[in-house]
Amino acid sequence: MSPRRSNPQARSTLVDIAARLLADEGPAALSARRIAAEAGTSTMAVYTNFGGMSGLVRQMVYEGFARLEAYFARVEQTADPVADMALFGRAYRHNAVTNPHLYAVMFGGASLGGFSLTAEDRQYGRFTLSTVVQCAARCIAAGRFRTGDPELVAHQLWTAIHGLVTLELGDYLIEPCDAPRVFEAQLTGLMVGVGDLLEPATRSVRASEARLSDLADPGDPAHAVGPPAVPES
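Here is a short report on the structure shown in this document. Bear in mind that the values here come from a model prediction, so they are computed numbers and not experimental data.

Turning our eyes to something else, we now look at the overall build of the protein. The secondary structure content of the protein amounts to eleven helices and zero strands. Along the protein, from the amino end to the carboxyl end, the secondary structure elements read α-α-α-α-α-α-α-α-α-α-α. Buried positions account for 43% of the 233 residues belonging to the protein. Relative to all contacts within the protein whose residues are 6 or more apart in sequence, the contacts with residues 24 or more apart total 74%.

As structure tokens, this is what we get:
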């Protein structure tokens, strides 16, 4: 008898359920039985699709970054690299607020309940930043950002926006300094901080807002990619 095949749609459903349980109820809720019950399936689905619980935890991280990468892929290069960079920031925030439970798992905002990520797992996430690094290099080459290391620039922007999104998801940003207002000001401030002038930075950030519709649903999350899960020893 041939082995049972992994179902991409089932994988995505199980990942979403597991991430929600982990973020909402903590690691105690993370069991094959509980996840299967929420999904209306058997515990065998967890082992068929992920090889075990550690494989499922790892896939949560891969799925989260794959969805982020899908949004990044929709940022098209234009003649205004700073607007493109601002749109990357919008894509990052959009992914976080669209997938808050996965976001919490991706960056350690939710305890993994004894399951740990490897350096290779984290490198999978860092690789997603490569397109932002390329955009930073274009901004420097265009004379909009000061001469410097584009990888460092990308990391500066990443850490700043990550901080804002974390506060937003925690409901810390309220009027008069709510998340949308702070985010718009932050985008302009970040562009000026790495070398752009205030007036062109403001124009580019506004132009990126008009392109926000470009970040519509990038497709079925079941297409998220990642190293295959392996059975637990």
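Attention shifts here to the pattern of salt bridges. Under the counting rule described, the total for this entry stands at 13 salt bridges. Note that Arg144 is salt-bridged to Asp80, the shortest N-O span being 3.4 Å. Of this pair, Arg144 sits in the loop between helix 8 (130–141) and helix 9 (150–169) while Asp80 sits in the loop between helix 4 (53–72) and helix 5 (81–98), and the two are 64 residues apart along the sequence. Between Arg211 and Asp214 there is a salt bridge, and its shortest N-O distance comes to 3.9 Å. Overlapping salt bridges, with partners in common, bring together Arg20, Glu25, Arg34 and Glu38 in one network.

Within the structure shown, the criterion is met by one cavity of 30 Å³ or more. Contributing to the lining of the largest cavity are 19 residues, with Phe72, Tyr92, Leu129, Val132 and Trp158 lying nearest its centre. Considering only residue class, the lining of the largest cavity consists of 15 nonpolar, three polar and one charged.

With that settled, consider the packing of helix 9 against helix 10 (residues 179–193). Interaxial distance between helix 9 and helix 10 falls to 11 Å at its minimum, and their mutual angle equals 175 degrees. Comparing their axes, helix 10 and helix 9 come out roughly antiparallel. Where helix 9 abuts helix 10, its residues Leu157, Ala160, Ile161, Leu164 and Glu168 lie against Ala179, Val182, Phe183, Gln186, Leu187 and Leu190. Classifying every residue of the contact of helix 9 with helix 10 by side-chain character gives nine nonpolar, one polar and one charged.

Our focus in this paragraph is the nonpolar core. Grouped together as the largest cluster of nonpolar side chains are 61 residues, with contacts concentrated most on Ile35, Leu56, Met60, Met85, Phe145 and Met191. The greatest single-element share of this core, amounting to eleven residues, is contributed by helix 4. Setting aside anything within four residues of it in sequence, one finds Met191 in contact with Val82, Met85, Ala86, Phe145, Asp196, Ala201 and Val205.

Geometrically, the link from Glu175 to Pro176 is a cis peptide bond, its omega value of 10 degrees lying close to zero. Looking at the element boundaries, Pro176 is found in the loop between helix 9 and helix 10. Look at Asp171: it is not a glycine, yet its phi comes out positive at around 60 degrees. The residue Asp171 is located in the loop between helix 9 and helix 10 in this model. Classification of Asp171 by relative accessible area gives exposed; the value is 63%.

All told, the structure shown has two aromatic pairs when counted by the stated rule. Residues Phe72 and Phe88 carry aromatic rings whose centres are separated by 5.1 Å and whose planes lie at 85 degrees to one another, so their mutual orientation is edge-to-face. Here the residue Phe72 occupies a position in helix 4, and Phe88 occupies one in helix 5, the gap between them amounting to 16 residues. Taken as a pair, Phe72 and Phe88 share a single burial class, namely buried. On the basis of an interplanar angle of 85 degrees and a centroid distance of 5.9 Å, the ring pair of Tyr92 and Tyr103 is categorised as edge-to-face.

With that settled, consider helix 7 (residues 119–127). The complete set of buried residues in helix 7 reads Asp121, Tyr124 and Gly125. In a view along the axis of helix 7, the buried residues occupy a sector of 95 degrees, so they form one face of it. Opposite the packed face of helix 7, turned more than 90 degrees from it, sit the exposed residues Ala119, Glu120 and Phe127. Contacts from the buried residues of helix 7 go to helix 4.

Quick notes on the rules
Residues numbered from 1 in each chain as written. Predicted model: local features only at pLDDT ≥ 70, side-chain atom pairs only at ≥ 80, totals over all residues. Heavy atoms only, no water. Helix = DSSP H or I, 4+ residues; strand = E, 2+ residues; numbered from the N terminus. Buried < 20%, exposed > 50% of the residue type's maximum accessible area, 1.4 Å probe, protein only. Contact = heavy atoms within 4.5 Å. Salt bridge = Lys/Arg side-chain N within 4 Å of Asp/Glu carboxyl O. 1 Å grid on protein atoms, 1.4 Å probe; cavity = no way out; pocket = protein on both sides within 12 Å on 5 of 7 lines; lining within 4 Å. Points joined across faces, edges and corners; volume = space filled by probe spheres on them. Nonpolar A, V, L, I, M, F, W, Y, C, P; charged D, E, K, R; others polar. Axes fitted to C-alpha atoms, helices over the stretch in contact; angles between N-to-C directions. Parallel < 35°, antiparallel > 145°, perpendicular 65-115°, else oblique. Core = buried A, V, L, I, M, F, W, Y, C linked by side-chain atoms within 4.5 Å. Phe/Tyr/Trp six-rings, centres within 6.5 Å; stacked < 30°, edge-to-face > 60°. Arc of directions from axis to C-beta.

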